[in-house]
Structures are given as C-alpha cells and as structure tokens.
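Here are the chains, one letter per residue:
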Amino acid sequence: MSTTGSPPTVADVVAALDRRYPPAWAEEWDRVGLVLGEPDHPVHRVACVVDVVPETVDEALAAGADMIVAHHPLLLRGVSSVAATTYKGRIVHRLIKADVALYVAHTNADVAAPGVSDALAARFGLTGLRPLHPPRPGSPADGPGRGIGRIGELPAPTTLAELTRRAADVLPVTAWGVRAAGDPGRMVRTLAVSGGSGDSFLAEATAAGVDAFLTADLRHHPAGEHLAAGGPALLDAAHWATERPWLDDLAAHLRDELGVEAVVSDLDTDPWTVHAAAPRPDDKEPRP
Ligand SMILES: [Zn+2]
C-alpha cells in the first residue's frame, strides 16, 4: 500500500494481487500474472473483466483505466507473433499504445479463498462452504478452505425447477440463461457451484453427496452418464455469468487494499447471443 499519498504503481497492484492470488497456486498449464505493463507506472483506475476482448478493452479505455485485471488469460498458449494483423496482437497493440497494463488471475483465483466460486456461492446464499475440488495435499495451493468450486447449504430446500428459476434471477443475465438436468421436482438442499467449465468435477460432486451442481459448459454424454449413474442434478449456466460475480469481490479488494478506483465490466462476453426455447404445452393458446 502507498503511504506517501501518491497512487500505487503497476508493481504495487501486482504485489497486492499476487498476495491474494499467488501465481504458484495456478494450475501448471495456466498462464497468470502481469501480461503487459510498465511496473513503475501509476495506477489510478483498474478495470475488472472476465475476458480481454476488443469490447471490454473499449470499455476500459473509455473508463480511463490504467490497468485491466482479467480472469481469462489473453495469451495462454505459445505465441510467436503479436503483430497487429492478428486478433490478439491487435489487442496487445491497443493496450500498449494506451499505456494500459494487463494482469491475469485465473485458476489461482479459482482456488483462492475467497475466490471465484465464493462469489458465485454468495449469490445463492450458500452457508457452511467447503471446497468441491481441494488442491492436492502438499501442493502450493493446499490450505484451509482453498480449492476449486464450493459446496454449501441453501437457505431453504427447494425444487430443482425453482432453483433453476432462482439461478436465472441471481446470476447476470445472458442469452444462454440457465438449463437444468434431472427431475424438476427433485428437492435440493446442498448445492455445489463451480465458476467456469465444470465437466471435470462431476464425479467429485457425486462423491460429495450434493443434491445439485451448478457450473458451465456441460456436455451431452458426460451429463447424461452422470445422471444415469445417480449423480446430483445439474444446472448449466453461461460461463461468463458464473465468473462475473467474482469481479465485485476483486474490485472491492483493490479499493480497500490500494485505494484505487475499480470499475467492473458488465459486458456479457459469453459467445452465445441468441436463445430460443420451444413453448411448453401449457403456454400454448387453447385451440377450439
Ligand atoms: Zn472461465
């Protein structure tokens, strides 16, 4: 924290975020931390986004941000060119020209406590939280309360159908909305949530004995086989909508810890932009 009254630098913001989301906690395949930026440049305003795409960069520049903190890595795989003729190179050029730094906290923010899924769990009022997928014992991320996803108790038992409606209410609005798999009348008391793609945690949700599991990017065969084996009901929300709640926690932390202004992007970056549902039989006009 700055004690001289001058604004924090990019390096100060990096240090504060690295303390809350240590890069060593990220998965081995992940790429987190400072992506672009001069460490000694001052930071007055930070823009918090899930995805670094041209539209969220537009927003950040219009807001006068000096730094973007993103959840998803802009550059995850090996890169041999950032020429402005490429999609990502164009973004890199825009940020450097505008003197805007970029920092990524991805799976290290998923595993942290509080982390991405705590913010998601809070939208449902879940209590008694514990991790769905704790880190391997002895791994860098191993520690109390840490892990990917959260399991907790709903304030009151509810049917899967009602929980699905509530999920659509409490999560940020997307064209995708929320779909669920399983008996609509099934009672749900214990809910597991995991921000982002949760396919790989289906077995852990079953082993945990939860009544339902809310995540994103679920697929036909894994979901169908999971249910056929007696696993918990599934709720499949838009990927962006499951991670957007964390941006509020991130922004609050930046304000409290560094005294910077922090703005949160509500721009839906989910790729799905159109949704149509077949009418239910009871929605149809009665025919004479
Ligand atoms: Zn994600």
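Let me begin by describing the structure that accompanies this report. (Residues numbered from 1 in each chain as written. Predicted model: local features only at pLDDT ≥ 70, side-chain atom pairs only at ≥ 80, totals over all residues. Heavy atoms only, no water.)

## A look at the sheet that holds strand β6 (residues 148-159)
Okay, so step 1: Reading across the sheet, the six strands line up as β5-β6-β8-β9-β10-β7 and stay open at both edges, with mixed pairing between neighbours. Each edge of the sheet is formed by a strand with only one pairing partner; in this case those strands are β5 (127-133) and β7 (178-181). Going from strand to strand, the sheet's axes swing by 30° on average, the running direction of each strand aside.
Okay, so step 2: Examined bridge by bridge, β6 and strand β8 (residues 187-197) share six bridges and lie antiparallel to one another. Bridge assignment links G152 to a residue of β8, and that residue is L191.
Okay, so step 3: Strands in contact with helix α5 (residues 116-123) are β5, β6, β8 and β9 (212-216); relative to β8, the strand with the most contacts, it is inclined by about 140°. (Pairing = 2+ DSSP bridges. Helix = DSSP H or I, 4+ residues; strand = E, 2+ residues; numbered from the N terminus. Axes fitted to C-alpha atoms, helices over the stretch in contact; angles between N-to-C directions. Contact = heavy atoms within 4.5 Å.)

## A short note on the packing of helix α2 (residues 54-62) against helix α3 (residues 87-97)
When two helices pack together, their arrangement is captured by the angle between the axes and the distance separating the axes.
Okay, so step 1: In contact at an axis separation of 11 Å, α2 and α3 are set at 5° when each is read in the N-to-C sense. Relative to α3, α2 is oriented roughly parallel. Across from P54, V57, D58 and L61 in α2, the residues of α3 making contact are Y87, I91, R94 and L95.
Okay, so step 2: Residues of the contact of α2 with α3, tallied by class, amount to six nonpolar, no polar and two charged. (Parallel < 35°, antiparallel > 145°, perpendicular 65-115°, else oblique. Nonpolar A, V, L, I, M, F, W, Y, C, P; charged D, E, K, R; others polar.)

## Comments concerning the coordination of the zinc ion
Okay, so step 1: Of the protein atoms, only H72 (NE2), H239 (NE2), E243 (OE) and E243 (OE) coordinate the zinc ion, at distances of 2.1 to 2.4 Å.
Okay, so step 2: Note that the zinc ion binds four donor atoms; their angles at the metal cover 57 to 130°, and the shape is irregular.
Okay, so step 3: Linear spacing of the donor residues for the zinc ion on their chain is H-x166-H-x3-E. Here H72 is found in the loop between β3 (67-70) and α3, whereas its partner H239 is found in helix α9 (residues 239-258), with 167 residues between them in sequence. (Donors = N, O, S within 2.8 Å, 3.2 Å for Na, K, Ca; no water. Tetrahedral: all angles 85-135°; square planar, octahedral: opposite > 155°, others 65-115°.)

## A look at the nonpolar core
Okay, so step 1: Counting residues in each nonpolar core, the largest one holds 63 residues, and the members touching the most others are F124, L191 and L254.
Okay, so step 2: Ranked by residue count, the leading element in this core is α9, at eight residues.
Okay, so step 3: With residues near it in sequence (within four places) discarded, L191 still touches F124, L126, R150, I151, G152, L154, L163, A212, F213, L214 and L235.
Okay, so step 4: Formed by 16 residues, the second largest nonpolar core is a distinct cluster that contains A47, A70, V100 and L102. (Core = buried A, V, L, I, M, F, W, Y, C linked by side-chain atoms within 4.5 Å. Buried < 20%, exposed > 50% of the residue type's maximum accessible area, 1.4 Å probe, protein only.)

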